[in-house]
Amino acid sequence: MTLAISPAHKLARLTGTLTFADAGPQNSRIRLYATNQPATGGDPGGGLLVEILLAKPCGEIDASVLTLKQSEPSGDLILETGTALWARWINGRDEVVADGSVSDAAGTGDFKLSGTSGTVLYAGARALLGQCTLT
């Protein structure tokens, strides 16, 4: 049998995640990497492709779904050319919130990029966070 949490517990978890992600003086950020994904919180093993700055608060909860919001609607500047394989979400105190896979909007990644087919990013362009939700 699978553990099923109550709707009230689910909402409390999402609220806790949002509170933790927004903790600290800085905005929460999502960093995309072209390296192999390490264990959660491990050394990224390479350079940063782009850092996506989230709004503060970094998302909103509606109908028991937390949807992340990018601070800049036009996207964030891509620093290096490469294929984004994974992302690290950090809070305003530079603590790891989560690590996960990256895909384009049609894919099944934990973090999705909008406006692209695949996850190749080009230096000087802008990265747009697609719909990124937690349930």
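Provided above is the structure to which this section pertains.
Every chain's residues receive numbers from 1 upward, in the order its sequence appears when written. Given that this is a predicted model, residues contribute local features only at a pLDDT of at least 70 and side-chain atom pairs are listed and counted only at 80 or more, while totals for whole chains, interfaces and linings are drawn from all residues. Calculated side-chain values reflect all of the structure's heavy atoms, with hydrogen atoms and water omitted.

1. Remarks on the overall build of the protein chain
Definition in use: In DSSP terms, a helix is any run of H or I states spanning at least four residues, a strand is any run of E spanning at least two, and both are numbered starting from the N terminus. Each radius of gyration is computed over the set of C-alpha atoms, and the globule rule expresses the reference value as 2.2 Å times the number of residues to the power 0.38. Think of it in three bands: residues with accessible area under 20% of the maximum for their type are buried, residues over 50% are exposed, and the middle band is partly exposed, with areas taken using a 1.4 Å probe on protein chains only. In what follows, a contact means two residues having at least one pair of non-hydrogen atoms within 4.5 Å. Accessibility throughout is a Shrake-Rupley quantity obtained with a 1.4 Å probe, and a residue counts as covered only by protein chains that appear here.
Of the regular secondary structure elements, the protein chain holds 1 helix and 11 strands. For the protein chain, the C-alpha radius of gyration of 15 Å lies close to 14 Å, the compact-globule estimate for 135 residues. Once the C-alpha set of the protein chain is aligned to its principal axes, its extents read approximately 45 × 35 × 30 Å. Looking at the protein chain residue by residue over its 135 residues, the buried ones come to 36%. Taking the contacts inside the protein chain whose residues are at least 6 apart along the sequence as the reference set, 63% of them involve residues at least 24 apart. Element-wise, carbon and sulfur atoms account for 54% of the exposed surface of the protein chain, whose accessible area totals about 7,100 Å².

2. Quick notes on the environment of Thr 40
Tracing the backbone through its elements, the reader meets Thr 40 in the loop between strand S1 (29-33) and strand S2 (48-62). Residue classification places Thr 40 among the exposed residues on the basis of a relative accessible area of 62%. Once the C-alpha coordinates of Thr 40 and Ser 28 are considered, the two residues, 12 residues apart in sequence, prove to be 17 Å apart. Not counting residues within four places of it along the chain, the set of residues in contact with Thr 40 comprises Arg 88, Val 96 and Asp 99.

3. Some details on the sheet that holds strand S3 (residues 65-70)
What counts is decided by this rule: Two strands form a pair only when DSSP identifies at least two bridges running between them.
Read across the open sheet, the 7 strands follow the order S8-S7-S6-S1-S2-S3-S11; overall the sheet is mixed. The sheet terminates laterally at strand S8 (111-113) and strand S11 (133-134), the two strands that pair on one side only. Note: S1 against strand S6 (residues 86-90), 5 bridges, orientation antiparallel. Within S6, the position partnered with Leu 32 by the bridge is Ala 87.

4. Some words on the packing of aromatic side chains
Inclusion rule: Between rings of Phe, Tyr and Trp, where Trp is taken as its six-membered ring, a pair exists when centres lie within 6.5 Å; planes separated by under 30 degrees are stacked, by over 60 edge-to-face, and by other angles tilted.
Scanning the model with the defined rule gives 1 aromatic pair in all. Relative to Trp 86, the ring of Tyr 33 lies with its centre 4.7 Å away and its plane at 20°, an arrangement referred to as stacked. With Tyr 33 in strand S1 and Trp 86 in strand S6, this pair connects stretches of sequence that are 53 residues apart. Note on accessibility: Tyr 33 and Trp 86 belong to one class, buried.

5. Observations regarding helix H1 (residues 7-22)
Selection criterion: Take the number of residues in a helix, subtract one, and multiply by 1.5 Å to get its expected span. By arc we mean the arc of the directions from the helix axis to the C-beta atoms, nothing more.
Taking 1.5 Å of rise per residue, the 16 residues of H1 would be expected to cover 22 Å, and the 23 Å separating its terminal C-alpha atoms lies within 8% of that figure. What H1 keeps buried is the set Leu 14, Leu 18, Ala 21 and Asp 22. All buried residues of H1 lie within an arc of 95° about the axis, which places them on one face of the element. Across H1 from its buried face, at more than 90 degrees, point the exposed residues Ala 8 and Thr 19. Lining the buried residues of H1 we find S2, S3, S6, strand S7 (96-104) and S11. Backbone geometry just downstream of H1 places Gly 24 in the positive-phi region, at approximately 100°.

6. Regarding the pairing of S7
Pairing of S6 with S7 involves 5 bridges; the strand directions are antiparallel. Pairing of Trp 86 across the sheet is with Ser 101, part of S7.

7. Side note on the pairing of S1
Burial analysis of S1 places 4 of its 5 residues in the buried class, the great majority of the element. Relative to S2, S1 is paired through 5 bridges, and the arrangement is antiparallel. When the sheet's bridge partners are listed, Arg 29 is paired in S2 with Leu 53.

Keep in mind these numbers describe shape, not what the thing actually does.
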